[in-house]
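An overview of the molecular structure
These are the residues of each chain, in order.
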Amino acid sequence: MITFQGVSKVFRSKEHITKAVDQVTLTVNKGDIYGVIGFSGAGKSTLLRLVNLLETPTEGKVIINSQEISSLSQKELRQLRRRIGMIFQNFNLFNSRTVYGNIAYPLKLAGASKQEVKARVTEMLQFVGLEDKADHYPEQLSGGQKQRVGIARALATSPDILICDEATSALDPETTGEILKLLKKVNEELNITIMLITHEMHVIRSICDRVAVMENGTVIEEGSVFELFAHPKTQTTKNFINVVQNDKLSPKLLALLRANYPGQLVRLIFKGGVTGEPVLSQFAKLFNIDFNIIYGSINELQGQLFGSLIVEIKGDEQEIQRALESLKKKVEVREVINHES
Amino acid sequence: MKVDWSTFWLRVVEATGQTITMVLFTLIFSSIFGVLIGLLLFVTRKGNILENRFVAMLLNFAINIIRPIPFIIFLVTISPFTRLIMGTTIGTAAAVFPMTIAASFVIARVVENNLVSIDPGIIEAAKAMGASPLQIIFGVLIPEALGPLILGLTFITVGLIDFSAMAGTVGGGGLGDLAMTYGYQRFDASVMLVTIVILIVLVQIAQFAGNVISRKFLRR
C-alpha cells in the first residue's frame, strides 16, 4: 500500500544540513495499522509527511498503490491527497468554521454537491459520535472532541489511507484511549490503512499491527508489534517497552528486593501459548525447588498474551541450575539487574 | 470674526459629509488593494504556498518606501499622478486617490501580520486535503484572519479620519479643513470644539461598528 524505498530527506539551511530521514525502506501493508515510534527529532514526522508529499524526498521513492508519487503533477498530487486523510497532534481545525463546516470543507474541495456534502457530513458526525455538535465552533469543543472532528474531516472524502501525526499526544490518557478505539474502528469497519507516528509505546501496543522504531532518521528496528515486544533488539526499543511494561527496576528497588529475598532472582518472560500453562507449579514438582512470585504483569499484544514475572527461586544451588536449564526451553529467563529491560 | 452659527451649521453638515465620503471610499478601495497586496506579501514569503523571493522583496521595498513618508508630503509629491488619474488635484474625490494609495500599504502590512498569526498547521491541513493555493487563500486564509482583520481595518479607519484632515487642507474639504480655516486661522474656538466633537463621535461609531462586526468572525 505504502512503500518507502531508500528514502532520505535532507533539510538545508545556511548554517547546517540536517538529514531528517536517512535511507528508510519499509512497507505498510493494506489494512494494517502501522506505527512509527521514536523520540522527538527522530525524523518520524518528516517520514509521515513524505506519504502525502507535504515534504518531498531528497532521494529514494515513495510508492502508494504501486504509483511513484514524486512524479505526479500538481493536479494529480491534489487528487492523491484526497485519497489520504491526515490528522494532527494539534487538530488543526479551521477556527472560523463550525464542526459541520470543517467536515464539509474537503468535500467541497472535491466538488461534491450540497446534498452529497450534507449526507456525508451527517454520516461522519454519526461515525465519530458528534451528531449534536454540528453547529459548534472548535473553540467550544474539548480536545477529544476536536480530534473526533479531525478524524471525521480526514475521512470525509473516503480515503484508503489515514496518516496520524501524534494524534493522541495532546490528549489526556482517558481521551487517548477513546481516540485509539475510534482509530481501531476506522481500521476495522472502514477498512482504512493507518500509518501513525507517536512517541508513546502504549499507542503502539494498543492498536498497531506492525511497528518501526526510528532513531536519528533511520529505522533501527521493524516488525510485528508482538515480535518487537518479545525480542527487542536495540536499547532504544527496550527503553520504549520499559515505559509501558513498567518493569524496569530502580537500583534502590533492586537492593531492597535482594535484601528481602535472599534466593536467586530471575525474570521469566512468557509468550504466546505457554502463558496458559502452569509452568511454575510443574517445575516446582519436577525439581526440588520453590518459587516465590515477587512481581508479575501480563499484557495482550496482537491477540497474544505476553507475561513477565520476577520470581525468587529457593532450593539447592545445583537443583536451581538444573531447573533453570530446563525452564529456558519453555520460557525466556533473564537475570534481574537494574539496567535490564 | 466669529462665524454665524445660524447659517454656518450647513457648512458643518457639508464638511461632515465630505469627511465621511473621503474615509468611506478610501476604506473601500484601500481594503481591496491592501488585502490583495497583503495576501501576496504573505503567500510569497519564504516557505509559503507561493514562495517567490522577487515578488516578496519588491512589495516589501514598496511598502517601506511609502509608509515612512509623512502623509502631507506624500500627498503633495504624488499630485502629478493624482491629476493624471483623477483629472484634478482639488476636491473630495481627488483626495481619495492619495489616501487610498497610502492606506493600501498600511492595510497590506496589517493583513500580512494577521495572516502570519494563523497557525501554519491549519494551512498544512488544507494542503493535505488537496486544496490548491487559491482555494487556501480564499477558503482558509481569509476566513481564518477575518476577525482580527476587521479590527485592524477599524484601527485604520480611525487613522483615515486623520488622513482626511490633511487631505482637506490641500483642497479636499471636510471637517479637518473646516477646523483649520475657521477654528485655527480665525481663532474661533466654537468651530474647533464642534468639529472635534463630531470627529470623536465618528471615531466612536467606527470603533463600535468594527468591534461588533469582528466579534461575529472572531472564533478563537
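In what follows, the accompanying structure is described. (Residues numbered from 1 in each chain as written. Chains lettered and ligands numbered in written order. Predicted model: local features only at pLDDT ≥ 70, side-chain atom pairs only at ≥ 80, totals over all residues. Heavy atoms only, no water.)

**Looking at the overall build of chain B**
Check the secondary structure of chain B and you find nine helices and zero strands. Listing every helix and strand of chain B by position from the N terminus yields α-α-α-α-α-α-α-α-α. Reported as C-alpha extents along the three principal axes, the dimensions of chain B are approximately 70 × 40 × 25 Å. Here the contacts in chain B between residues at least 6 apart in sequence split such that 74% fall between residues at least 24 apart. Only carbon and sulfur atoms are counted for the fraction: they give 73% of the accessible area of chain B, which is about 11200 Å². (Helix = DSSP H or I, 4+ residues; strand = E, 2+ residues; numbered from the N terminus. Contact = heavy atoms within 4.5 Å. Areas by Shrake-Rupley, 256 points an atom, 1.4 Å probe, with all protein chains shown as cover.)

**So, the overall build of chain A**
When helices and strands are tallied, chain A shows 12 helices and 14 strands. When the backbone C-alpha atoms are referred to their principal axes, chain A occupies close to 80 × 50 × 35 Å. Put simply, of all contacts in chain A between residues at least 6 apart along the chain, 70% involve residues at least 24 apart. Accessible surface, chain A: about 15500 Å² in total, of which carbon and sulfur atoms supply 47%.

**With respect to the environment of Ala167(A)**
Residue and element names in this part refer to chain A. Considering the arrangement of structural elements, one finds Ala 167 in the loop between strand E7 (161-165) and helix H6 (173-189). Judged by relative accessible area, Ala 167 falls into the buried class, the value being 6%. Sequence separation of Ala 167 and Leu 286 is 119 residues, and the distance between their C-alpha atoms is 51 Å. Setting aside its immediate chain neighbours within four residues, Ala 167 contacts Ile 87, Phe 88, Gln 89 and Gln 147. (Buried < 20%, exposed > 50% of the residue type's maximum accessible area, 1.4 Å probe, protein only.)

**Details of the sheet that holds strand E1 (residues 2-12) of chain A**
Pairing between sheet strands relies on hydrogen bonds along the backbone, with the strands arranged either parallel or antiparallel. Residues and elements named next belong to chain A. Strand order across the open sheet formed by four strands is E2-E1-E4-E5, with antiparallel pairing between neighbours. Only two strands of the sheet have a single neighbouring strand rather than two, namely strand E2 (17-28) and strand E5 (67-68). The pairing of strand E4 (residues 59-64) with E5 spans two bridges and is classified as antiparallel. Within the sheet, the bridge partner assigned to Ile 63 lies in E5 and is Glu 68. (Pairing = 2+ DSSP bridges.)

**Describing the pattern of salt bridges**
Evaluation of the coordinates by the stated rule reveals 14 salt bridges over all chains. The partner of Lys133(A) in a salt bridge is Asp132(A), with the nearest N and O atoms 3.4 Å apart. Asp132(A) gets classed as exposed once you look at its relative accessible area, which sits at 55%. In this structure, Arg45(B) and Glu112(B) form a salt bridge, with 3.2 Å as the shortest nitrogen-oxygen distance. Remark: Glu112(B) occurs in helix H5 (residues 92-116) and Arg45(B) occurs in the loop between helix H1 (5-43) and helix H2 (53-66); sequence separation between them is 67 residues. Look at Arg45(B) and you get partly exposed, because its relative accessible area is 37%. One salt-bridge network, in which partners are shared between bridges, spans Arg49(A), Asp165(A) and Glu124(B). (Salt bridge = Lys/Arg side-chain N within 4 Å of Asp/Glu carboxyl O.)

**Remarks on the interface of chain B and chain A**
Each side of the interface is counted separately: chain B has 20 residues, and chain A has 21 residues. Interface area, chain B with chain A, both sides summed: about 1900 Å², of which 55% is carbon and sulfur. Counting every contact that joins chain B to chain A gives one salt bridge. Linking Glu124(B) and Arg49(A) is a salt bridge whose minimum nitrogen-to-oxygen distance equals 2.5 Å. Between the two partners, chain B and chain A, sit eight residue pairs in polar contact (both at pLDDT 80 or more). Contributing elements (two or more residues each) for the side of chain B that touches chain A: helix H6 (120-128) and helix H7 (133-172) of chain B. The element best represented in the side of chain B that touches chain A is H6(B), accounting for seven residues. (Buried area = accessible area lost by both parts, 1.4 Å probe. Polar contact = N/O pair within 3.5 Å; in protein donor to acceptor, adjacent residues only side chain to side chain.)

**Side note on a nonpolar patch on the surface**
Judged by side-chain polarity, Ile20(B), Leu24(B), Phe25(B), Ile28(B), Phe29(B), Ile32(B), Phe33(B) and Leu36(B) come together as a nonpolar surface patch covering roughly 750 Å² of accessible area. Judged by its relative accessible area of 45%, Ile32(B) is partly exposed. (Patch = residues over 30% accessible without salt bridge, like charges linked within 9 Å, V, L, I, M, F, W, Y side chains within 5 Å.)

**Focus: the pairing of E2(A)**
Residues and elements named next belong to chain A. Relative to E2, E1 is paired through eight bridges, and the arrangement is antiparallel. Its bridge partner being in E2, Phe 11 is matched across the sheet by Thr 18. With antiparallel pairing between neighbouring strands as the criterion, E1 and E2 make up a hairpin whose turn holds four residues.

**What about the sheet that holds strand E3 (residues 33-37) of chain A?**
Residues and elements named next belong to chain A. As summarised here, the arrangement of the six strands in space is E6-E7-E8-E3-E9-E10, forming an open sheet in which the pairing is mixed. The open sheet terminates on both sides in strands that have one partner only, identified here as strand E6 (84-88) and strand E10 (218-224). Looking at each pair of strands side by side, their axes are set apart by 15° on average, direction ignored. Of the strand pairs in this sheet, E6 and E7 are connected by five bridges, and their pairing is parallel. When the sheet's bridge partners are listed, Gly 85 is paired in E7 with Leu 162. (Axes fitted to C-alpha atoms, helices over the stretch in contact; angles between N-to-C directions.)

**Focus: the nonpolar core**
One finds Ile2(A), Phe4(A), Leu47(A), Met195(A) and Leu141(B) to be the most contacted residues of the largest nonpolar core, which totals 93 residues. Excluding residues within four positions of it along the chain, Phe4(A) makes contact with Val24(A), Thr25(A), Leu26(A), Leu47(A), Leu50(A), Val51(A), Lys61(A), Val62(A) and Met195(A). Core analysis: the second largest hydrophobic core is formed by 53 residues, Ile37(A), Ile103(A), Ala104(A) and Leu182(A) among them. (Core = buried A, V, L, I, M, F, W, Y, C linked by side-chain atoms within 4.5 Å.)

**Thoughts on unusual backbone geometry**
Residues and elements named next belong to chain A. At Ser 66, a residue that is not glycine, the phi angle is positive and equals roughly 55°. With respect to the element layout, Ser 66 can be found in the loop between E4 and E5. Residue classification places Ser 66 among the exposed positions, given a relative accessible area of 75%. Look at Ser 158: it is not a glycine, yet its phi comes out positive at around 50°. Residue position: Ser 158 is located in the loop between helix H5 (143-155) and E7.

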